[in-house]
Amino acid sequence: MASVSLRHIYKKYPGGVTAVSDFNLEIKDKEFLVLVGPSGCGKTTTLRMVAGLEEISEGELFIGDQLVNDVAPKDRKIAMVFQNYALYPHMTVFENMAFGLKLNKTPKEEIKRRVEEAARILDITHLLDRKPKALSGGQKQRVALGRAIVRNPKVFLLDEPLSNLDAKLRAAMRTELTKLHARVGTTFIYVTHDQVEAMTMATRIVVMKDGLIQQVDTPQNLYDSPCNLFVAGFIGTPQMNFINGTLNKKGEDLYFNFENVSVKLPAEKANNPALKDYIDQEVVLGLRPECIYDQPAQVEAHADSSFEAYVDVTELMGAEIYLYLNVGKSEEGDGKIKIINDGTNLIARVSSRSQSRAGDSIKVAFDTTRCHIFDKDTERCICH
């Protein structure tokens, strides 16, 4: 097993295009690390540089204690699982899984032992004589994983391996991959654009944007303490509400004002020295949807941050309801509607017992103890 160290890694293409910039990361032995970000952010390019499928423009890559910049992919003791499975259609499952071992001239008995052991772990023993065309998407994915497992690699590289599966199977395979990681005890580096996959499987997550690392942390810390607006908006479903407004101080109390609403912030934020330079300035307040309440008892308990909101749409999700709210929208007109102010749109995640319905004007409240305040210009988080 092995750690992976990326030191000041760059990937530059002809024409001045830089796909990855100054990538620095220490990946621990047996860690399940997930690279996440929107399409084109450089996560797959980074993975392919670790695999040796892309040349490193600048920087050093170590697997264990070995510098591998100039080491061929087959000699890096890594195994990669691709999005499209990359199975040979004319070979059986057994032959697909054994192919890499045969190339390395592994003895037949050892090949048989390894393939059968991997098939048992992945519960595909009954499929060993089938060809890929007779397999479902989930079964093909297991075969691709099995082909990687039999090589006993130091590092597993997985490039969006679940993206071709339907939602139910994807959820099941997330659990299987987590179990597999615990069973084989190998370093996993996993690429996805799906933040749900990242949150549910990773020991640590790397959030990327435009070839740059934005934040590296545990899933819970990323959710609770995002370093900037991008990370805050990327992690979490539905995404965090961002509200433009101003900070004002009245006596010892600090208020956040937006539209025609004034919300009192808790004492720890009023006394936070990081906010003193932002008094009477525009900022962005970030609040997760579950921190907006519509139940009368909760609204009463947070009376200092309560206000009227209009319900545009409701979405019943089964165990909860998403309320799409508008604050401060105003209209007028003689026969024709003329919008004076579009207002501020919010999403609240509330109990399925909520009585709020589309078209209602309701009272809601913020849980301001869990809000984040961001600098409007730099987009960095000022305080959590």
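To start, this report covers the structure provided alongside it.

Rules of the game
- Sequence positions are assigned chain by chain, starting from 1 and proceeding in written order.
- Reporting in this predicted model follows two pLDDT cut-offs: at least 70 for local features of residues, and 80 or more for side-chain atom pairs to be given and counted; totals over whole chains, interfaces and linings ignore these cut-offs and use all residues.
- Note: side-chain values were computed over all heavy atoms of the structure, leaving out hydrogens and water.
- Secondary structure elements follow DSSP: runs of H or I no shorter than four residues count as helices, runs of E no shorter than two count as strands, and numbering proceeds from the N terminus.
- Throughout, a contact is declared for two residues whenever any of their heavy atoms are within 4.5 Å.
- For two strands to be treated as a pair, DSSP must find at least two bridges joining them.
- Fitting a line to C-alpha atoms yields each axis, with helices limited to the stretch in contact; the angle taken between N-to-C directions then spans 0 to 180 degrees.
- By definition here, a helix of n residues has an expected span of 1.5 Å times n minus one.
- Three labels apply to residues, based on accessible area from a 1.4 Å probe with only protein chains included: buried if under 20% of the type maximum, exposed if over 50%, partly exposed otherwise in between.
- By definition here, a salt bridge exists when the distance from a side-chain nitrogen of Lys or Arg to a carboxyl oxygen of Asp or Glu is within 4 Å.

## Some remarks on the environment of T18
Topologically, T18 is positioned in strand β2 (residues 17-27). Sequence separation between T18 and L275 is 257 residues; the distance between their C-alpha atoms is 36 Å. Setting aside anything within four residues of it in sequence, one finds T18 in contact with K11 and K12.

## Considering the sheet that holds strand β1 (residues 4-13)
Read across the sheet, four strands follow the order β2-β1-β4-β5 without closing on themselves; strand pairing throughout is antiparallel. Strand pairing shows two members of the sheet lacking a second neighbour, β2 and β5 (66-67), which therefore form its edges. As paired elements, β1 and strand β4 (residues 58-63) share five bridges and run antiparallel to each other. Within the sheet, the bridge partner assigned to L6 lies in β4 and is L61. Its contacts with the sheet place helix α1 (residues 43-51) against β1, β2 and β4, and it is angled at close to 115° to β1.

## A short note on the sheet that holds strand β23 (residues 381-383)
With antiparallel pairing, the six strands of this open sheet are ordered in space as β13-β12-β11-β14-β22-β23. Edge positions in the open sheet fall to β13 (261-264) and β23, since each of these has one partner strand only. Taking each pair of neighbouring strands and ignoring which way they run, the sheet shows an average axis angle of 45°.

## Digging into helix α4 (residues 137-149)
Here α4 contains 13 residues, and its C-alpha end-to-end distance of 19 Å stays within 8% of the 18 Å for a straight helix at 1.5 Å per residue. Summarising burial for α4: ten of the 13 residues are buried, a large majority. Among the residues of α4, G138, Q141, R142, V143, A144, L145, G146, R147, A148 and I149 are the ones counted as buried. Looking at the buried positions of α4, the neighbouring elements they touch are β6 (78-81), α2 (93-103), α3 (108-122), β7 (155-159) and α5 (167-184).

## Observations regarding the pattern of salt bridges
This structure, assessed with the given rule, holds 17 salt bridges. Two residues, D367 and R370, come together in a salt bridge whose shortest N-O distance is 3.9 Å. If you follow the salt bridges from partner to partner, you end up with K11, R48 and E54 in one network.

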